Amino acid sequence: MSVSGGKLTTFRLIARDVLEAAKPWLTDCNLDGGQRVFRAASLSENFGLPASVVRRLTGFYGAEAQELLDSADASDLVKIPGTSVLWAELRWAAESEAVVHLDDLLLRRTRIGLLVPQGGLTHTERLRTLLQPVLGWSDDQWEAEVSRYREIWERYYWLPAQSVVTEVSKPYAEHA
């Protein structure tokens, strides 16, 4: 079964069909009546985080939010500058979401590469300290991943060099 498209007025019905199909693998799912489908997640320990952060974490990670926080170093329970994402979430994604490449982690899993200046490359050393041990990458592999990420980010996610912009716009300027 797959789901694509859909309108706001039908998303609940589509989601219900998917949950019904997945019910044998769901341990805490109630599909009876108009009640909530899942029980709201809560934290037994919030490590002094603001209520807004706790709400976002429980909304995004559900029951796994507590495990994410419990496994984090205190220094990683702070937001990445310019985002609402905690450093601990990067490590969590690297550990639990089958990350293969740095660009996958920074552009798709956490979207940090879309939110912070230079796609997060200003935080390369912190990223290395946090992620390299978790991902099991050698120093050479780390450098190769950073290089690959930089190339992808600069090519597809950032403004092109001024010379490219000028060259592409020449035909339009000539016809103006």
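Details of the structure are given in the entry above.
Residues numbered from 1 in each chain as written. Predicted model: local features only at pLDDT ≥ 70, side-chain atom pairs only at ≥ 80, totals over all residues. Heavy atoms only, no water.

S.K.: Can you break down the overall build of the protein chain residue by residue, with the values?
M.R.: Summing up its helical and strand segments, the protein chain has nine helices and zero strands in all. Mapped in sequence order, the helices and strands of the protein chain form the string α-α-α-α-α-α-α-α-α. When each of the 176 residues of the protein chain is scored for burial, the buried share is 33%. Contacts spanning at least 24 positions in sequence make up 43% of the contacts within the protein chain whose residues lie at least 6 apart. Here the protein chain displays about 11700 Å² of accessible surface, and carbon together with sulfur accounts for 54% of that area. (Helix = DSSP H or I, 4+ residues; strand = E, 2+ residues; numbered from the N terminus. Buried < 20%, exposed > 50% of the residue type's maximum accessible area, 1.4 Å probe, protein only. Contact = heavy atoms within 4.5 Å. Areas by Shrake-Rupley, 256 points an atom, 1.4 Å probe, with all protein chains shown as cover.)

S.K.: Give a description of the pattern of salt bridges that names residues and reports values.
M.R.: Oppositely charged side chains may form a pair once their charged atoms are brought near each other. Evaluation of the coordinates by the stated rule reveals ten salt bridges. Notably, a salt bridge pairs arginine 126 with aspartate 76, separated by 2.9 Å at the nearest N-O pair. One end of the pair, arginine 126, is in helix H7 (residues 124–135); the other, aspartate 76, is in the loop between helix H3 (64–70) and helix H4 (87–96), and 50 residues separate them in sequence. Accessibility expressed as a relative area gives 31% for arginine 126, which makes it partly exposed. Residue classification places aspartate 76 among the buried residues on the basis of a relative accessible area of 5%. Aspartate 104 is paired through a salt bridge with arginine 108; the nearest N and O atoms lie 3.5 Å apart. Placement of both aspartate 104 and arginine 108 in helix H5 (residues 102–109) is noted, with a separation of four residues, approximately one turn of the helix. Judged by its relative accessible area of 12%, aspartate 104 is buried. Residue classification places arginine 108 among the partly exposed residues on the basis of a relative accessible area of 43%. Linked through salt bridges whose partners overlap, the residues forming this network are Glu97, Asp103, Asp104, Arg108, Arg109 and Arg148. (Salt bridge = Lys/Arg side-chain N within 4 Å of Asp/Glu carboxyl O.)

S.K.: Describe in detail the packing of H4 against H5, supporting the description with residues and values.
M.R.: Packing of H4 against H5 brings their axes to within 11 Å, and their N-to-C directions diverge by 120°. Classified by the angle between their axes, H4 and H5 sit oblique to one another. The element H4 and its partner H5 pack so that their crossing is right-handed. Side by side, H4 and H5 meet where Leu90, Ala93 and Ala94 of the first sit next to Leu105, Leu106 and Arg109 of the second. Considering only residue class, the contact of H4 with H5 consists of five nonpolar, no polar and one charged. (Axes fitted to C-alpha atoms, helices over the stretch in contact; angles between N-to-C directions. Parallel < 35°, antiparallel > 145°, perpendicular 65-115°, else oblique. Left-handed = near helix turned anticlockwise from the far one by under 90°. Nonpolar A, V, L, I, M, F, W, Y, C, P; charged D, E, K, R; others polar.)

S.K.: A description of the environment of tryptophan 92 should follow, citing residues and the corresponding values.
M.R.: Structurally, tryptophan 92 is set in helix H4. Residues tryptophan 92 and serine 71, spaced 21 residues apart in sequence, show a C-alpha to C-alpha distance of 8.6 Å. Contact partners of tryptophan 92, with chain neighbours within four places excluded, come to Tyr61, Glu64, Glu67, Leu68, Ser71 and Glu97.

S.K.: Give a detailed account of helix H2 (residues 51–61), specifying residues and quantitative values.
M.R.: Where H2 is concerned, the buried positions are Val53, Val54, Leu57, Thr58 and Tyr61. When H2 is viewed along its axis, its buried side chains cluster within an angular range of 125° and face the same direction. Away from its buried face, by an angle of more than 90 degrees, H2 presents the exposed residues Ala51, Ser52, Arg55, Gly59 and Phe60. Close packing links the buried residues of H2 with H3 and H4. Residue glycine 62 follows H2 closely and has a positive phi angle near 60°. (Arc of directions from axis to C-beta.)

S.K.: Just give me the short version of a nonpolar patch on the surface, but keep the residues and values in it.
M.R.: A contiguous nonpolar surface patch, about 410 Å² in accessible area, is contributed by Leu114, Leu115, Tyr156 and Tyr157. You can see tyrosine 156 is positioned in helix H8 (residues 139–156). Assessed through its relative accessible area of 57%, tyrosine 156 is described here as exposed. (Patch = residues over 30% accessible without salt bridge, like charges linked within 9 Å, V, L, I, M, F, W, Y side chains within 5 Å.)

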